[in-house]
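In case you want the letters, here they are:
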Amino acid sequence: MSVLVTGGAGYIGSHTVIELLEEGKEVVIVDNFSNSNPIVLDRIREITNEDFKFYKVDTTNSDELEVVFKENNIDSIIHFAAYKAVGESVAKPLEYYTNNIGNTLNILNLMRKYNVKNFVFSSSATVYGDPHSCPIFENFPLSATNPYGATKLMIEDMLRDICKDNDSLNIAILRYFNPIGAHISGLIGEEPNGIPNNLMPYITKVAVGKLKELSVFGGDYNTHDGTGVRDYIHVVDLARGHIKALEKLNTNCGLVTYNLGTGNGYSVLDLIKAFSEACGKEIPYKIVDRRPGDIAMCYASTSNANKELGWKAEFGIKEMCEDSWRWQSNNPDGYTTAYIDEVTSVAE
Ligand code: UD1
């Protein structure tokens, strides 16, 4: 029996595949490399000394995806494949709905056809909108403020409806907080297309000299130092949360929903400081206007995942920064050289 991982060459997907292989699972990866690189697959093999099946398939293509279901004995699916940039989703909403909703519908229909019962969905803390307080519990009100967030929320709603109708399905909705860090080997890590939108990849590009200076979005939030507070979680801890979620699904639990975070909030300035200590360099920054749509504070209650999954984040902010830096400094040009030219020209 195999675990199908859509988006398995991506940042969180690749780290999860490593954990699955290390658990002795048979893994089938589907990825179209729209925001990832084929080299990742070799690096996964190098790290684990294990092999897996791979299909270069766009999950919005149901016919091609069906071949994967026909050729493998899949018993569980972890669904990462999605577009994920908030700003881009505002500019290209139809692409986001088509890709994120369309591919999920394909997978769910094929699951039914091939009698697959276990499904893990990559959701996001974005579904909490602007939370009324922190820590955030899973039963807080849900809302979306941009098309990316709307796709996550719509898929969650679809999954809740599907589970009501079919009590043989087991579905885990995992709401990620802010994943950073990289595998300890320094061989795989986060490599966004173009200029990074998220904080940690931007910081690492500044540290490695590819970008000049970090803009800190807002210094007047109601937080301990005026900058935004987030719950940064090591991507390896996050990946291990998926292994625990699969174990939970094997108990025939129906639909379950968990926050995956550390429960700790760090500000932008806290992260800059921790990163500077990890890499031994100052990170030049300036405080600029707030980014539209950002919230002041967001951190998880992790008590449900702790109790019901037997999972807890183990790595602290120091390891997250050290591992992000090891990945970036070992791979200053990322997985490809094509990417550098683009970034350098903007940095100058
Ligand atoms: C963002 C998305 C969220 C998505 C998540 C995926 C937005 C508004 N939200 O979360 O929906 O699920 O990524 O990881 O984009 N910051 C700077 N300078 C930068 C970049 C970020 O100061 O160049 C600050 C932000 O204002 C924020 C913090 O760093 O306070 C974290 O930002 P980011 O890494 O983009 O994550 P989120 O905005 O929390």
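Only a predicted model underlies this, so the values are computations on that prediction, with no experimental measurement involved. (Residues numbered from 1 in each chain as written. Predicted model: local features only at pLDDT ≥ 70, side-chain atom pairs only at ≥ 80, totals over all residues. Heavy atoms only, no water.)

**Comments concerning the packing of aromatic side chains**
Rules: Stacked, edge-to-face and tilted labels apply to pairs of Phe, Tyr and Trp rings (six-membered ring for Trp) whose centres lie within 6.5 Å, assigned for plane angles under 30 degrees, over 60, and everything in between, in that order. For helices the rule is a DSSP run of H or I covering at least 4 residues; for strands it is a run of E covering at least 2, with both sets numbered from the N terminus onward. Each residue is placed in one exposure class: buried if its accessible area under a 1.4 Å probe, protein chains only, is under 20% of its type's maximum, exposed if it is over 50%, and partly exposed if it falls in between.
This structure, assessed with the given rule, holds seven aromatic pairs. On the numbers, 5.8 Å between centres and 40° between planes, the contact of Phe69 with Tyr114 is tilted. One end of the pair, Phe69, is in helix α3 (residues 62–71); the other, Tyr114, is in the loop between α5 (93–113) and β5 (118–124), with 45 residues separating them in the sequence. Here Phe69 falls in the buried class, since its relative accessible area comes to 3%. The partly exposed category is assigned to Tyr114, whose relative accessible area is 26%.

**Here's the deal with the sheet that holds strand β9 (residues 229–230)**
Rule in force here: Any two strands between which DSSP finds at least two bridges are classified as paired.
Ordered in space as β12-β9-β14, the three strands form an open sheet in which the pairing is mixed. The strands lining the two open edges of the sheet, one partner per strand, are β12 (266–267) and β14 (297–298). Direction of pairing for β9 relative to β14: parallel, over a ladder of two bridges. Paired with Val229 across the strands is Met297, a residue of β14.

**Structural notes on the pattern of salt bridges**
For the record, the criterion: Whenever a carboxyl oxygen of Asp or Glu lies within 4 Å of a side-chain nitrogen of Lys or Arg, that contact is scored as a salt bridge.
Under the criterion given, the structure shown has 18 salt bridges. The salt bridge involving Glu19 is made with Arg240; its shortest N-O contact spans 3.2 Å. With Glu19 in helix α1 (residues 11–22) and Arg240 in helix α8 (residues 235–249), this pair connects stretches of sequence that are 221 residues apart. The exposure class of Glu19 is buried, given its relative accessible area of 9%. Overall, Arg240 belongs to the partly exposed group, its relative accessible area being 30%. Between Glu277 and Lys273 there is a salt bridge, with its nearest N and O atoms 3.4 Å apart.

**Points about empty space enclosed by the protein**
A probe as big as a water molecule, rolled over the atoms, marks out the empty space that is left. So the rule is basically this: The way it works is a 1 Å grid over only the protein atoms, where trapped points that fit a 1.4 Å probe form a cavity and open points with protein on both sides within 12 Å along at least five of seven lines form a pocket, and then any residue with an atom within 4 Å of a point lines it. Grid points are joined across faces, edges and corners, and a volume is the space filled by probe spheres set on the points. When residue character is reported, Ala, Val, Leu, Ile, Met, Phe, Trp, Tyr, Cys and Pro are called nonpolar, Asp, Glu, Lys and Arg charged, and the others, Gly included, polar.
Counted by the stated rule, this structure contains two cavities of 30 Å³ or more. Size it by volume and the largest cavity reaches roughly 90 Å³. Broken down by secondary-structure element, the contributors of at least two residues to the lining of the largest cavity are α7 (199–207) and α11 (317–330). Looking at side-chain class alone, the lining of the largest cavity contains six nonpolar, four polar and three charged residues. Space inside the second largest cavity adds up to approximately 50 Å³. Considering the residues around the second largest cavity, the lining is formed by His79, Phe80, Ala81, Ala82, Asn100, Asn103, Thr104, Phe121, Ser122, Thr151, Lys152 and Ile155. Grouping the amino acids of the lining of the second largest cavity by side-chain chemistry returns five nonpolar, six polar and one charged.

**Brief notes about helix α9 (residues 268–279)**
What counts, and what does not: By this rule the span expected of a helix is its residue count minus one, scaled by 1.5 Å. A 3.5 Å cut-off defines polar contacts: any pair of N or O atoms within that distance qualifies, except that in protein one atom must be a possible hydrogen donor and the other a possible acceptor, and neighbouring residues in sequence count only when both atoms are side-chain atoms.
Taking 1.5 Å of rise per residue, twelve residues should cover 16 Å, and α9 covers 16 Å from first to last C-alpha, within 8% of that figure. Listing the buried residues of α9 in full gives Val268, Leu271, Ile272, Ala274, Phe275, Ser276 and Cys279. For α9, the capping residue at the N-terminal end is Ser267, with a side-chain oxygen 3.3 Å from the backbone nitrogen of Leu269. Positive phi appears at Gly280, one or two residues downstream of α9, with a value of about 70°.

**Digging into the site of the ligand**
To be explicit about the condition: Only heavy atoms are used to decide nearness, and a residue is near a molecule or strand if one of them lies within 4 Å of it. What sets the accessible areas is the Shrake-Rupley method with a 1.4 Å probe; for residues, cover comes only from the shown protein chains.
In the vicinity of the ligand lie 18 residues, with Leu199, Ser215, Arg230, Arg291 and Asp294 positioned nearest. Between the ligand and Tyr148 there is a distance of 3.4 Å, counted from an oxygen atom to a side-chain nitrogen or oxygen. Contact between the ligand and Leu199: an oxygen atom at 2.8 Å from a main-chain N or O atom of the residue. Starting from 740 Å² of accessible surface for the ligand in isolation, the protein chains cover 87%. Here the element with the most residues in the shell around the ligand is strand β8 (residues 214–217); it accounts for four residues. Its residues assigned to classes, the shell around the ligand shows eight nonpolar, seven polar and three charged.

**Overview of the nonpolar core**
Where a protein is soluble and globular, its nonpolar side chains tend to be buried together. Selection criterion: Among buried residues, the Ala, Val, Leu, Ile, Met, Phe, Trp, Tyr and Cys ones that are joined through side-chain atoms within 4.5 Å form a nonpolar core. Working rule for contacts: check all heavy atoms of both residues, and any pair within 4.5 Å makes them a contact.
Leu20, Val27, Ile44, Val120 and Leu174 are the most contacted members of the largest nonpolar core, which has 42 residues in total. For this core, the elements supplying multiple residues, two or more each, are β1 (2–6), α1, β2 (26–31), α2 (39–48), β6 (170–176), α8, β11 (255–260) and α10 (303–309). In terms of residues, this core owes the most to one element, α8, which gives seven residues. Residues within four places of Val120 in sequence aside, it is in contact with Ile77, Ile78, His79, Ala172, Leu174, His242, Ala245, Leu246 and Leu249. Within the second largest apolar cluster, 25 residues are counted, among which are Val57, Val68, Val116 and Cys163.

**Some words on the packing of α7 against α11**
Worth spelling out the cut-off: Axes here mean lines fitted to C-alpha atoms, for a helix over just the part in contact, with angles spanning 0 to 180 degrees between N-to-C directions. Note on terminology: angles under 35 degrees are roughly parallel, angles over 145 are roughly antiparallel, angles of 65 to 115 are roughly perpendicular, and the others are oblique. In this scheme the handedness of a crossing depends on how the near helix is turned from the far one: anticlockwise by less than a right angle means left-handed, clockwise means right-handed.
It is at 10 Å that the axes of α7 and α11 come closest, and there the two elements cross at 55°. On the basis of their axis angle, the class for α7 and α11 is oblique. Remark: the crossing between α7 and α11 carries right-handed chirality. For the pair α7 and α11, contact is made by Met200, Thr204, Lys205 and Ala207 and by Cys321, Ser324, Trp325 and Gln328, respectively.

**Points about the sheet that holds β11**
The parallel open sheet is built from seven strands, whose spatial order is β3-β2-β1-β4-β5-β6-β11. The open sheet has two free edges, formed respectively by β3 (53–56) and β11, since each of these has just one partner strand. Taken pair by pair, the neighbouring strands of this sheet meet at an average axis angle of 15°, ignoring direction. The sheet contact formed by β1 and strand β4 (residues 74–79) spans five bridges and is parallel. By the bridge assignment, Thr6 is partnered in β4 with His79. Here α1 sits on the sheet in contact with β1, β2, β4 and β6, set at roughly 165° to β2.

Nothing here speaks to function; it is all geometry.
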